Amino acid sequence: EQIEKGGYEHFMLKEIYEQPNAIIDTYRGRMLVNEGIVRMAGVDDNIERLANAKRILIVACGTSWHAGLVAEYIFEDFARIPVEVEYASEFRYRNPIIYENDVVIAISQSGETADTMAAIKLAKEKGAFVFGVCNVVGSSISRESHAGAYTHAGPEIGVASTKAFTTQITVLTMIALKLAKHRGTISDSDFRYHLQELDRIPAKISKVLEANDHIKLIADKYKEAPNCLYLGRGYNFPVALEGALKLKEISYIHAEGYPAAEMKHGPIALIDEQMPVVVIATKKGHYEKVVSNIQEIKSRKGKIIGIVTEGDEAVRDLADYVIEIPETIESLTPLLTTIPLQLLSYHIAVMLGKNVDQPRNLAKSVTVE
Ligand code: G6P
């Protein structure tokens, strides 16, 4: 097992560090940046069906559901197709309305999650076209789908999902760009620009990983907190949910993710000097609004950890700590902002002596409904 961990203390840490290469593996051979082409057999073979969908339903569980939420923003933004993201377990039990020209995208790292599997069986019965985004090759969900695209992240052992999430977003971004191109909702130059920026993401993740020691310091500062709040807006709202989930899963600290603007409708009542609030406040994406949320937290003495764009000054002045991420286009920021949140949870859990790779009560793949 020590050898499999490749010198890292835990699989989770290894998998966090694998993300630059995992993402390269995801787009290698598919994304031809210089030619301005994305080739994905599962999409190309079914392009009319996918691009002409009246609606895309995304079904998933856990972290994969959060990737689905990011995808909702990407698909609607680029391809202008309405998207609904559903917990697979809720979807299947409520007699959902599914039309024959709906496309159902099932996202699953393991490809074995029972609720997601049951949801796609139901969708198929009702005549929808099912597209699987799985990591494990040959898994049940990938076989049950009409078509699909693998994430090619390599085996993920840590129960808390890390590289599966970022590679799912990578695949879903490529699909959305392809559909947008086919539908004419993105210009050629924008399409190429997005490919170039996606190609720069692995190096930018490596840069974020260099902040590991700084993040460890922040973890040490807040490891005793009983609660933690995560806020983000737009593309980074699902990242806030994912950051909170990571902390809950492995450190057993109660954490909640919220859209930053919803804070005033409830969570703000929780804020006092004991409450760390992680705020994703990158330059693109409602920056000024998020800064004013940070001011509200500060005036209630909450502790602020800001995830900011390199060179940011306004949040730095207000926050207790900031973690910088390199600049990129808004739709790709989740691939960067997620990284410090993974590391923060990891270090807190290690410092608290928790079993990081196999947290209590959780399973890597949930094959019961
Ligand atoms: C379990 C795992 C999570 C994962 C979820 C969905 O709860 O602990 O990490 O996100 O299942 O799994 P899937 O394999 O379908 O992505």
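- Per an unreviewed UniProt entry, the protein chain carries the name Glutamine--fructose-6-phosphate aminotransferase [isomerizing] and comes from Gillisia lutea.
- If you open the UniProt record of the protein chain and go to Subcellular location (unreviewed entry), you find "Cytoplasm".
- The record held by UniProt for the protein chain lists under Subunit (unreviewed entry) the comment "Homodimer."

Re the sheet that holds strand β8 (residues 227–232)
And step 1. Across the sheet, which stays open at both edges, the five strands sit in the order β9-β8-β10-β11-β12 with parallel pairing between neighbours. Because the sheet does not close on itself, it has two edges, and the strands there are β9 (254–259) and β12 (321–325). Each neighbouring strand pair of the sheet contributes to a mean axis angle of 15°, computed without reference to strand direction.
And step 2. Where strand β11 (residues 303–309) and β12 come together, five bridges link them in parallel fashion. Each residue of the ladder has a partner; that of I307, found in β12, is I323.
And step 3. Sheet contacts for helix α11 (residues 212–222): β10 (276–281), β11 and β12; angle to β12, the most-contacted strand, approximately 150°.

Description of the site of the ligand
And step 1. Neighbouring the ligand are 16 residues; G62, T63, S108, S110 and T113 lie closest to it.
And step 2. In terms of residue count, helix α5 (residues 62–79) provides more of the shell around the ligand than any other element does, three residues in total.
And step 3. Looking at the shell around the ligand, its residues break down into five nonpolar, 10 polar and one charged.

Thoughts on the packing of helix α2 (residues 19–27) against helix α9 (residues 163–183)
And step 1. Taken N-terminus to C-terminus, the directions of α2 and α9 make an angle of 30°; their axes are 9 Å apart at the nearest point. In terms of orientation, α2 and α9 fall into the roughly parallel class. Remark: the crossing between α2 and α9 carries right-handed chirality. Contacts between α2 and α9 involve Q19, A22, I23, T26 and Y27 from the former and K163, T166, T167, T170, V171 and M174 from the latter.
And step 2. Tallied by class, the residues present in the contact of α2 with α9 amount to five nonpolar, five polar and one charged.

Some words on helix α13 (residues 287–299)
And step 1. Taking 1.5 Å of rise per residue, 13 residues should cover 18 Å, and α13 covers 19 Å from first to last C-alpha, within 8% of that figure.
And step 2. All of the buried residues in α13 are V290, N293, I294 and I297. Taken down its axis, α13 places every buried residue within 105° of arc, on the same side. In this structure, α13 carries E288, S292 and S299 as exposed residues pointing more than 90 degrees from its buried face.
And step 3. One or two steps after α13, the chain reaches K301, where phi turns positive at roughly 70°.

Rules used throughout
- Residues numbered from 1 in each chain as written.
- Predicted model: local features only at pLDDT ≥ 70, side-chain atom pairs only at ≥ 80, totals over all residues.
- UniProt positions renumbered as here; feature names shortened; annotations may be inferred.
- Pairing = 2+ DSSP bridges.
- Helix = DSSP H or I, 4+ residues; strand = E, 2+ residues; numbered from the N terminus.
- Axes fitted to C-alpha atoms, helices over the stretch in contact; angles between N-to-C directions.
- Contact = placed C-beta atoms within 7 Å.
- Near = placed C-beta within 6 Å.
- Nonpolar A, V, L, I, M, F, W, Y, C, P; charged D, E, K, R; others polar.
- Parallel < 35°, antiparallel > 145°, perpendicular 65-115°, else oblique.
- Left-handed = near helix turned anticlockwise from the far one by under 90°.
- Expected span 1.5 Å × (residues − 1).
- Buried ≥ 20, exposed ≤ 12 C-beta atoms within 10 Å, placed from the backbone.
- Arc of directions from axis to C-beta.

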